Every structure is written in C-alpha cells, then in structure tokens.
Amino acid sequence: MSGKGVGASIRRKEDDRLLRGRGRFIGDMRFTGQVEVAFVRSPVAHGRIRSVTAPEEFRDHVFAMEDMTGCDGILAKCGIPGFKISKQFPLAKDKVRFAGEPVAMVYAATRAEAEDIAATVSLDIEELPANYDMREAMKPGAPLVHDEWPDNAFLEGLVDKNFDAMEEAAIKVSRTVSTSRQCMAPIEGKGCIGVWDRQLEQLHLWTATQMPHIVRNGLADTLGMDQRQIRVVAPDVGGGFGWKGMLQPEEVCVSWLAMHLDRPVKYLEDRREHLVAASNCREHHYELTAYATEDGRLLGLDAVAHVDSGAYSVYPFSACLEAAQVGSILPGPYDFGAYRCKTYAVCTNKAPILPYRGVARTGVCFAMELMIDAVARAAGLDPMEVRRINLVKPEQMPFRNITGKDFDMGDYPESLRRAAEMIGHDRIRERQKSAEADGRKVGLGYSTYCEQGAHGTSVYHGWGIPMVPGFEQSQVRLTPDGTLEVRVGNQSHGQSLETTLAQVANEVLGVDPEKVNVIHGDTAMSPYSTGTWGSRSAVMVGGAVAASCEKLAERVKHIGAHLLQTSPDHVRIGEGEVRSETGAVTLKEIAATWYLAPQHLPGDVNPDGLELTAGYRPKVDTGTFSYATHAALVAVDTDTGFVEILDYVVVEDGGVLINPMVVDGQIYGGTAQGIGTALYEEMPFDKNGQPLASTLADYILPGAGEVPAVRVGHMETPSPNTRFGQKGIGEGGAIAPPAAIANAINDALKESGVEMTVSPITPHRLLSAIMAAETEAAR
Amino acid sequence: MKAGRFDLLLAKDVGEAVKALQTEDAKAASGFQSLGPMLNLRLAQPRLIVNLTRIPELSAVEETADMVVYGAAVTHAAIEDGRVPDAAGGALARVASGIAYRAVRNRGTIGGSLAHADPAADWPTALTALGAKVRVAGPRGVRRAPVAGFVRGAFAPALGEGEVIVAVEVPKASAAARFGYVKFCRKVGEFAEAMAAAFHDPDTGVTRLAVGATEAPPQLLEGDFADLDARLATLDLGADPVRQRLHRTAARRAMAEATTGIAA
Ligand SMILES: Cc1cc2nc3c(=O)[nH]c(=O)nc-3n(C[C@H](O)[C@H](O)[C@H](O)COP(=O)(O)OP(=O)(O)OC[C@H]3O[C@@H](n4cnc5c(N)ncnc54)[C@H](O)[C@@H]3O)c2cc1C
C-alpha cells in the first residue's frame, strides 16, 4: 500500500511538538484563579497520629482527613481468597504507615507560599517500630502495619507442580537472590489540576496518568460522586512506567479541594516527593534451589519468594500483583518437570510498590537466569549451552508450560543463537584465555525471557480486582474533508501511539498517517479503556482501531461504489481512495458527499454515517508472548568494583512490528532502565523505615554516559491470535538487563569465586565481594 | 520544593559584599550550583543573598611570571574551554571538564567550589596538589592562605564572618611537570566516590599527592614516595575497608600517572 502502514518505520508524529518543547504537560498548564497545594508528609515510617495543628492565621488553608467531608478511603479490592484489604485514606487518618505519607494538605497562591505554610503545621505523632525488612515483617511479633490484620501478609500463595524433593538429582544448587527497591523516575513526576466546571457541573481533573478511565472509577468511588460528574483528562504525559497507572491519593485531595474551594487547584510532585513518598517498585527476595542432571538439564525448581509490597494496595490494584505473578511466571521460557513456589506479598512501612515496566518479570528473570548460570557452573558447562538445552523448542509450540501459560509461537533457542553470534561468543571465549592489557576482567552474560503481554479477561477476572480488561474499543470519524479522527481510551506517554495507531488506520483505510489524529487520554472524548499498561496497546488498541476502520471501510466503500456506479463488492479501498475496475473516488469526495451533498448518497446508505465505534479482543486473550535474549559483555575493574558495559546485544521477537523504529526505541529505553536496575538504582531504608535517597544525587539513574549503544536484532514470528500478528513488547527491554549483566560480571570473576546475586551491583557491593573472596582464598 | 523567601543583593564591589555579609543570616552566592539546591530543599534559608558574580574583579584573570591568578567567579566552563590561561599545562582544563555536567560548569565557579568545601569536590583536591593559594577579602582586608588546609571539614571552609574568596593563585608548572588525576564516579558528572590528584615536577623535585572524597578534608602528602603504600597507610581513609581500597587505588593510579618508576 502506501508504505506507511503496518511495518513501516515512519517518523513519530508526536515528536514535532515534543522535541520542540511545545508539548503541554501539567506543569505547563495554568488556570485563572488557580491555587497550588503542598502536602505535609509524615516524617516517620510508622506512628499514631495524635494531632495535626496549624496556626490560627492559616487554619483555612490547611486540611486534614477529617476536614475532607464526603471523602472516603481508597479501597483497592481483590477477590483472591485470603487477600487482606488495606484502606488508604488520601490524608492519613489515625495512623501513618510510611515516611512521606500525606497527612495534611495546604494551599496558597503559589507552591512556595504553600510550602511556607506547610512548615508551620505541627504534627504530633507517636512513633511506632517500623517494618523495614519484609522478611522480618513476616516473623511473629513484628509490629502490625494494619492493626486489624493478624499478620503483615497481603497474600500468601503456593504453586506446586509435581514437586518432590529430587534429592537424587546430580546437581542441586541453592542461591539467595534479590532485587533492591527502586523508584521509577520518569522525567515528569505526577501532577494534576482539579477544576470545577460550573456549566457542565463536572469535576475536571487534568492529571498525568496512564489510565484516565480507571482514575475516574476510583475518584467516583472515593468521593461518592456519579461518574457523569467527573471528567479525567491526561494531557501530554512525560513517561509513566506504571507510576501513573494508579489513582494517587494526591489526585483525590486535589479533586476534593477544587470542589470545596470552587477554584482550580494544582499539585505538581517534586523529585523529592517522587523518590521518597511515591514511585517505589521492584523489591523482591528469593530463596531458590534448582535441580538438574549432570549435563545441565533442568529437572526442577523450588522457590520461596517475598515481595515487599509496602503499606497499602494502591487503586486499582498493586499489593499482590507481583507476588502472585511470581508464582506463575518464574519458570520463564524453560521446559522442566517439577516446580514449587511459595510466595508472600508482604505489607511493610514503606511506600506502596507499584507495577514498574516489566512488572514482576524483572525480578523473576533475575532469579531464574542467575539459577541457569549457577547450574552451568555446577555442571562445568557454558551457560549459553545450558540455556539452549533447557529453553522451550520451536517444535513444542504452541506450548503450555508447567504453570499452564500458553506460549503462542516463537523460536527461543534461535534468539539465543543469534544473540551469541552477534556479540561474538566464540571470540570472547578466546579473548578470556589471556589477560586484558588494562588488567580488567571481561565477562559475557546472557538472559532469555518471555514477556506475556496484552493479557485479557480470562487472565484477570479471577483476581477480582477493579480493573479487568474486556473488549477494547476505538471510535473513528471521517471528517467532511476526508481526514480521520481516531479516538481511543488508553493514553500515550512515550509509546508513540499517535503514530502507530495512525499507521494501523492507514493500513486499513489508506489515509495518510499525517491526516489521522489520534485522540486519547480523555474520558469525555473516547471510549472506555483500562488504559495503557501490560504491553497491551499495540495488540488491544491496535486491534480496536483496525476493527473500527474496517467497519468504516465498508460504509465508505458502499458510498464510493455508488458514486462509481458499481456495487460494493466490485470496489476496494486503498491509498485514500475507493477504486473500481474503471475509476476511483477519494475519501474526501465520499466524505463530502455524506456531509455536504447527501442528495447524492445511495438510497440504501447506512444512516449511521461515517462515524462509529467498534471493539476488539484477540481470539485467544491469555496474552501474546514476545521474547528476547540479551547478551552483555562487561569489563570489571577488580580494584574498584566498577563495571563497564563494553557491548550489549538484544535479539527480540515481537511478532509483526507496526513500526520497527518505535520498537527499537522501546527496547533502548527499557534496556537503559534495566541497566539502572542492574548497576545503579536503589532506594535504601534505615531501620526506622526512613528512605535514604531523597534526591537524584543519592538515587543514581544511568545517564547517556552509562548506557551503551544497544545493538538490536529482530526475529518475526507472528502471533496467530492478534490482528496483524503483533505482540506486546513495551516492557521487555527492562526485564533482562539485570540478569544478563550480573551473569556477565559473574562470568568475568568466576575464577575468583565471586558470584553477585543482589541488584544493583554497585561498585561497593562488588568490591566488598571481591575482597571477601580474596580473604577466603588467602586462608 | 521551592526556596523560602530571601532578599537578593547584586554586589558591585568587594567592599559592598563584605559589608552586606556581616548582616544577620546573609550568605554569599556565585554560580548557585551548590547553593541553589540547598535553597530549594530549604536546607539553607538565608534572609539575604549577596551575589558576587557581578563584581568585575572576581571575573578577572591575571598572569604573572610564576603564577596565574583566577578571579573567584571564573567558571569551570571558562577554564575547561581554555578561555583563560592554564597554569599547569592543561591540568586545570582537565579537572574542570570532569566536574558535573556542562550546564553546571557554565555557572559553577572555582571560588564557589572552594567555599562550599565539599570534600568530594574537584577543586579542593586538585588545587591542593597543585600548591595553589586562595585570596580572601574580609572586614580586616585581604589575606592569602594555601588551598591545602582551607577545607577544614565537610562544608566547613576556613572563612571568617564577612569573608569572601576573591581569587585563586595557581603557581605555574614547569614544562616537565606531570599531573595525575583519578576519580571514581558512579556515573559521569556525579560527585566522586574516591579521588586523587598527584603532581610531580622532575625539575624542582616537588611531588605532591592529594587524596579527596573521603569524609575528611582533602589530605596532602609531600616529599618521598619511594614506599607509596606506607605513605598511604598514614591517611585517614575512613572506617570502611572497601572505601579504603577505592581511595588507595585512586591514589596509586594518580601517582603512577604523574611519575615514572613508582609502581601503581
Ligand atoms: C548536579 C551537580 C553535580 C555536581 N558535580 C560536581 C562535581 O563532580 N565536582 C565538583 O567539584 N562539583 C560539583 N558540583 C558543584 C559545582 O561544581 C558548584 O559549582 C560548586 O560546588 C559551587 O560553585 P558555585 O559558584 O555554584 O557556588 P554557589 O552555589 O553559589 O555557592 C556555594 C557556597 O559557597 C559560598 N560562596 C560562593 N562563592 C563564594 C565566594 N567567592 N566567597 C565565599 N563564599 C562563597 C556560598 O555562600 C555557598 O555557601 C555539582 C553541582 C551540581 C548541581
């Protein structure tokens, strides 16, 4: 067709405004009469609130929970048996449960003045012992985060598949593996503006969110309002990664205050709030034992996994999202016969953890891939070879794995083979035989994973949560001049959907993507959607846009055929025209006929016109399985513990790529975040539950100097279940790097016996392990 | 967070600045690259900020036969770009180019950096190794003091009330002199975890080694380095053996770069 549809690497439509600084983010917006809020946050991780007092002169500007009449706590319900529900009041009531929890809201004309007032508010809090370590929090006698619970577990789970102890296995390796707590750190933090629209009698909440409809659901519940009274709009959003996939307590407060004051109210999260009080994620801990034959064939895996879920389950759902998934996804793309996994979603006195790009998979991949290397070490085999023999084979596809996951298609060993070839496996093994000129040690590491994405109703209904994805809809409208408006209910905050969904429309209707507007992120302007999460947009929303364009194509062809004096089955649509054997009529002419010259329409024209909504769900909605192998070549300085990534290769299979350039961008971005998990990012806490990284000087994000030029190789196994064979790939880049890099470091140091199993592998952690190994060797 | 309320004085000359700084809760400011974040985090809440960068004398650079005198408000970027003479054959430009990010270097100043007295900052350690001196103006006139010892502790410069750094004197190095500079940063532009600067002039026989980024102020070793490890053992490198090793590695590598014949 036009070369701009599915498969074309056209430039991003949104870049024109974004790269010129002409986007419109919450921080750019200002309403007449607007006031700004600052929050007074808990200085302690756990305590009983005795009083919140403001000086008399500021009394009207300061609000505590009891002032917020009509506002209830946020309830993220979950129907999984045994799950304990936490209620989070938008401003803490009775008790504070993590340092940084909002306790009072202050408003003034500017944020600086609001902060001045906030500094005069005094909190009288009786400090209680804090749960700062999730495994300690599970011990009897640990202080209870929620007084009415019997213990600190949101949920415990057990998956047991033909597990028996397998003591006779030739290889038995045990490891403790963990990923530290992180923050998501999108360039834009959260922010929102609440405005009461007097004419529409509606609360308008402009907010940096990934899921406007879900935010509206939660707001209506919490504020006790009808949904018709609320409009939620996401303007340009500067990255989300999961942090913006939730109803934030601050959003509830701002909404309430906007209505209470009948004035626009703005809140912009600053970086300190973001780090300390908010976007926490990732903290997993595993005890693992792998059983294998002496030639490295995996027989079974036994695991106990803890996830530190923080103090509350966030709306729509967070607390056991990771822990419960760990049980089912830990086996990854490996084929083995026995499995047992006990999981704990632990409630602690830390900010709630939220699903961050890769959701659970990054920790799981780290655990599993480190075990593959541990097995290889025990067997005396190359880790690449052990991976190869244990990965699911292409001839087993479609494959149901040990936990019942249905893998759609793919050739996993081939991704590994290609990654090994691209990085130069044999050359590196040769190089490792002699010392490096600069004295550093080089190592090669691999990590193979699968990314179940776009999972739908059949996966989620069992969770009993307020967000079960069903059919996805899109609305299309051919305008009187033949250009196209596409409305979708999700939100694009870096995924390039304004481009890729226009490409989908182009694929079906032939309209130039430049002539397609993708309108998203607004409850008033689009069909309902659970939003952008779970690598679902290309599959679900892409499918919905195709479905609506196909229906529109039928109507357009019907009118076009009439204008061409033939029947609809003798025309086809392409490049913005309806064509017959003998002639063509443009979409512009067809639109003009419908809107401006209806006298020329066929007598049996569909009266519903050139605007419609259509929906979509894949034939099989258990999810697409994209996958990749990452290979990392690193150099380790054993006198400093510093690691340099010398080369980094990704070979991925995302099925049919709607825009390969956009996919590469997703992989680069995700990989950069994965490098952060591997080597840099960590939010440490002290024993009082105080977060210790409160600025970007303490919370180290990789920058341009730390992220190598990632080399990407593509494979293409179309999904048999989706509209174009596309698969979800948005999160994958962030899943594999910690494991690939850790394995590379361990490969570099294998002669010294150093084996790193905690992320991030900071120079200090690595150097102390090197020194411990030296001491050991000297004995 | 946003800064609290303060008044801002754009001082026109050193006398005005010194006078204003003697009022209660007054604070000097140059590039704002350290003070700015502290204001925004409300760790510093001065009532009056006295900006020094408009004082012409503080941006001047003067070259004499045996030294270059840098006005305190000369930016890292001006030194990096070679817009001012380099007293040590490129060593200053090299140090400057490794400070933070370009945006910070565009505004951050050599005087501000010394006055801020962060043990992990580049200038206090590098200028200690280069044998530099600061010129300080105050209520009792102008005095000179070696950079070695000027940082008395973390964020504690040897500055009295109302005193400002007006210039930094860096002795010119001979053509044969060599400079070794090693720092280990978690990422490009981040403050160093360990840092060492070494200076060796075969003509004069002067050798200096400065070790920074410890919890203590930059530490200076001079004289005979035949047994480097023994010299390093005399330094206060903190209680953590891992950090100690990092500091020693930086020191050895800096010395190896500046000299020949001393093993790294
Ligand atoms: C992101 C970031 C990274 C950084 N990384 C590094 C790094 O790697 N290495 C490094 O060395 N530095 C680093 N810095 C600090 C930077 O170099 C600053 O420029 C420097 O520390 C302070 O210089 P300034 O001119 O900005 O001083 P200001 O911030 O204006 O002032 C700092 C302090 O010095 C006082 N002061 C300023 N000028 C004078 C004067 N002439 N006389 C007396 N007192 C004065 C002020 O009262 C204040 O207490 C970094 C800064 C940032 C923001």
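- The name that an unreviewed UniProt entry assigns to chain B is FAD binding domain-containing protein, with the source organism given as Acuticoccus mangrovi.

1. Things to note about the environment of Leu247(A)
All names here are of chain A.
Right, so step 1: With respect to the helices and strands, Leu247 occurs in the loop between strand 14 (230-233) and helix 5 (249-261).
Right, so step 2: Relative accessible area serves as the criterion here: at 1%, Leu247 is assigned to the buried category.
Right, so step 3: Taking the C-alpha atoms as reference points, Leu247 and Val215, 32 residues apart in sequence, are found 5.2 Å from one another.
Right, so step 4: In contact with Leu247, other than residues within four places in its own chain, are Ile74, Val215, Gly218, Leu219, Thr222, Val252, Val314 and Tyr315.

2. Describing the sheet that holds strand 2 (residues 47-53) of chain A
Right, so step 1: Within the open sheet, the 3 strands sit side by side as 6-2-8 (chain A). Their pairing is antiparallel. This sheet does not close on itself; its edge strands, each paired only once, are strand 6 (95-96) and strand 8 (122-127) of chain A.

3. What to know about the packing of helix 18 (residues 763-778) of chain A against helix 10 (residues 241-258) of chain B
Right, so step 1: Where helix 18 of chain A contacts helix 10 of chain B, the axes come no closer than 9 Å and their chain directions differ by 100°. Relative to helix 10 of chain B, the element helix 18 of chain A lies roughly perpendicular. Contacts from His764(A), Leu767(A), Ser768(A), Ile770(A), Met771(A) and Glu774(A) in helix 18 of chain A reach Pro241(B), Val242(B), Arg243(B), Arg245(B) and Leu246(B) in helix 10 of chain B.
Right, so step 2: Per-class residue counts for the contact of helix 18 of chain A with helix 10 of chain B are 6 nonpolar, 2 polar and 3 charged.

4. What to know about the site of the ligand
All names here are of chain B.
Right, so step 1: In the vicinity of the ligand, 31 residues are found, and the nearest of them are Ala28, Ser30, Leu35, Thr109 and Asp122.
Right, so step 2: Within the side chain of Ser30, an N or O atom sits 2.6 Å from a nitrogen atom of the ligand.
Right, so step 3: The backbone of Ala100 places a nitrogen or oxygen atom 3.4 Å from an oxygen atom of the ligand.
Right, so step 4: Its free accessible area being 970 Å², the ligand has 91% of it covered by the protein chains.
Right, so step 5: No other element matches the 4 residues that helix 7 (residues 110-116) contributes to the shell around the ligand.
Right, so step 6: Across the shell around the ligand, the residue classes tally to 16 nonpolar, 11 polar and 4 charged.

5. Considerations on the sheet that holds strand 4 (residues 61-63) of chain B
Residues and elements named next belong to chain B.
Right, so step 1: Spatially, 4-5-10-6-7 is the arrangement adopted by the 5 strands of the open sheet, whose pairing is antiparallel. Edge strands, defined here as strands with exactly one partner in the open sheet, are strand 4 and strand 7 (141-146). Averaged over all pairs of adjacent strands, the angle between strand axes in this sheet comes to 20°, irrespective of strand direction.
Right, so step 2: Sheet analysis places strand 6 (residues 133-138) next to strand 10 (residues 164-171), joined by 5 bridges and oriented antiparallel. Within strand 10, the residue paired with Arg135 across the bridge is Ala167.

6. Remarks on the domain arrangement of chain A
For an interface, size is often stated in terms of accessible area lost upon the parts coming together.
All names here are of chain A.
Right, so step 1: According to the domain assignment, chain A consists of domain 1 (15-21 + 471-616), domain 2 (31-128 + 185-277) and domain 3 (279-457 + 620-778).
Right, so step 2: Taken together, the 19 residues of domain 1 in the interface contact 19 residues of domain 2.
Right, so step 3: Together, the buried faces of domain 1 and domain 2 total about 1,400 Å²; carbon and sulfur atoms form 49% of this surface.
Right, so step 4: Our count for the contact surface shared by domain 1 and domain 2 stands at 2 salt bridges.
Right, so step 5: Put simply, Asp236 and Arg17 hold a salt bridge, and the shortest N to O gap is 2.6 Å.
Right, so step 6: Remark: the boundary between domain 1 and domain 2 carries 10 residue pairs in polar contact (both at pLDDT 80 or more).
Right, so step 7: Class assignment of the residues belonging to the side of domain 1 that touches domain 2 gives a composition of 6 nonpolar, 11 polar and 2 charged.

What counts and what doesn't
- Residues numbered from 1 in each chain as written.
- Chains lettered and ligands numbered in written order.
- Predicted model: local features only at pLDDT ≥ 70, side-chain atom pairs only at ≥ 80, totals over all residues.
- Heavy atoms only, no water.
- Helix = DSSP H or I, 4+ residues; strand = E, 2+ residues; numbered from the N terminus.
- Buried < 20%, exposed > 50% of the residue type's maximum accessible area, 1.4 Å probe, protein only.
- Contact = heavy atoms within 4.5 Å.
- Pairing = 2+ DSSP bridges.
- Axes fitted to C-alpha atoms, helices over the stretch in contact; angles between N-to-C directions.
- Parallel < 35°, antiparallel > 145°, perpendicular 65-115°, else oblique.
- Nonpolar A, V, L, I, M, F, W, Y, C, P; charged D, E, K, R; others polar.
- Near = heavy atom within 4 Å.
- Polar contact = N/O pair within 3.5 Å; in protein donor to acceptor, adjacent residues only side chain to side chain.
- Areas by Shrake-Rupley, 256 points an atom, 1.4 Å probe, with all protein chains shown as cover.
- Domains from an automatic or database assignment.
- Buried area = accessible area lost by both parts, 1.4 Å probe.
- Salt bridge = Lys/Arg side-chain N within 4 Å of Asp/Glu carboxyl O.

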